[in-house]
Amino acid sequence: MCLAVPGKVLDIEERDGTRMATVDFGGVVKEVCLEYVPDLAVGEYAIVHVGFALQRLDEESARQTLALFEEMGLLQEEFGDPWEAAAEAVGMPVAAMGDGAQEARQ
């Protein structure tokens, strides 16, 4: 599932003519394109979908949404390690995946 997730802008820079930001999604940090919300500033929150900030969001709404997503396990589903999710889906402990899987994940 792909969610539109609220995140906090940590820093902004221009790369190859594109405005990009480092965004914190409740502890998971990703790079995000700001071209659709060009006036977004450091410290503000935005709703992000597939790597693009789509809309500004107030801090309280962002925090409530992140807490709800966390409670429902959706943040792990969206940002979690796919190798771990696959192992859990078949009932295999992550530690049992061995070093080869660990190396493949990197």
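What counts as what
- Counting starts from 1 at the beginning of each chain's written sequence and moves along it residue by residue.
- The predicted nature of this model means local features are confined to residues of pLDDT at least 70 and side-chain atom pairs, given and counted, to a pLDDT of 80 or more, with totals for whole chains, interfaces and linings taken over all residues.
- Side-chain numbers come from the whole structure's heavy atoms, not from hydrogens or water.
- A run of H or I in DSSP counts as a helix once it spans at least four residues, and a run of E counts as a strand once it spans at least two, with each numbered from the N terminus.
- Only protein chains enter the accessibility calculation, which uses a 1.4 Å probe; a residue is then buried when its area is under 20% of its type maximum, exposed when over 50%, and partly exposed in between.
- Only buried residues count toward a nonpolar core. Its members are Ala, Val, Leu, Ile, Met, Phe, Trp, Tyr and Cys residues joined through side-chain atoms within 4.5 Å.
- Two residues qualify as a contact provided that any one of their heavy atoms is within 4.5 Å of a heavy atom in the partner residue.
- A pairing counts as a salt bridge when a side-chain nitrogen of Lys or Arg comes within 4 Å of a carboxyl oxygen of Asp or Glu.
- A pair of strands counts as paired when DSSP detects no fewer than two bridges linking them.

**Description of the environment of A46**
And then number 1: Considering the arrangement of structural elements, one finds A46 in strand β4 (residues 45–49).
And then number 2: Take A46: its relative accessible area is 2%, and that puts it in the buried class.
And then number 3: For the pair A46 and K8, spaced 38 residues apart in sequence, the C-alpha separation works out to 6.6 Å.

**Describing the nonpolar core**
And then number 1: V5, V23, F25, V32, L34, L40 and A53 are the most contacted members of the largest nonpolar core, which totals 16 residues.
And then number 2: Of all the secondary-structure elements, those providing two or more residues to this core are β1 (5–15), β2 (18–25), β4 and α1 (59–72).
And then number 3: The greatest single-element share of this core, amounting to 3 residues, is contributed by β2.
And then number 4: Not counting residues within four places of it along the chain, the set of residues in contact with A53 comprises V32, C33, L34, Y36, V37, L40, A46, I47 and V48.

**What to know about the pattern of salt bridges**
When charged atoms on two side chains of opposite charge get close, those side chains can pair.
And then number 1: Applying the stated criterion across every chain, the model contains 5 salt bridges.
And then number 2: Here R15 and E31 are joined by a salt bridge, their closest N and O atoms 2.4 Å apart. Residue R15 is located in strand β1, and its partner E31 is located in strand β3 (residues 28–33); the two are separated by 16 residues in the primary sequence.
And then number 3: Salt bridges here are not isolated pairs; linked through shared partners, they connect E13, R15 and E31.

**Looking at the pairing of β1**
Successive side chains on a regular strand alternate, one facing one side of the sheet and the next facing the other.
And then number 1: Here β1 pairs with β4 via 4 bridges, running antiparallel. Looking at the pairing, P6 lines up with I47 of β4.
And then number 2: Bridging between β1 and β2 involves 7 bridges; their strand directions are antiparallel. Along β2, the bridge assignment pairs E13 with M20.

**Quick word on unusual backbone geometry**
And then number 1: Phi angles above zero are rare outside glycine, and D16 is one such case at about 50 degrees.
And then number 2: Relative to the helices and strands, D16 resides in the loop between β1 and β2.
And then number 3: Even without being glycine, V50 reaches a positive phi, approximately 45 degrees.
And then number 4: For V50, the location among the structural elements is in the loop between β4 and β5 (52–57).

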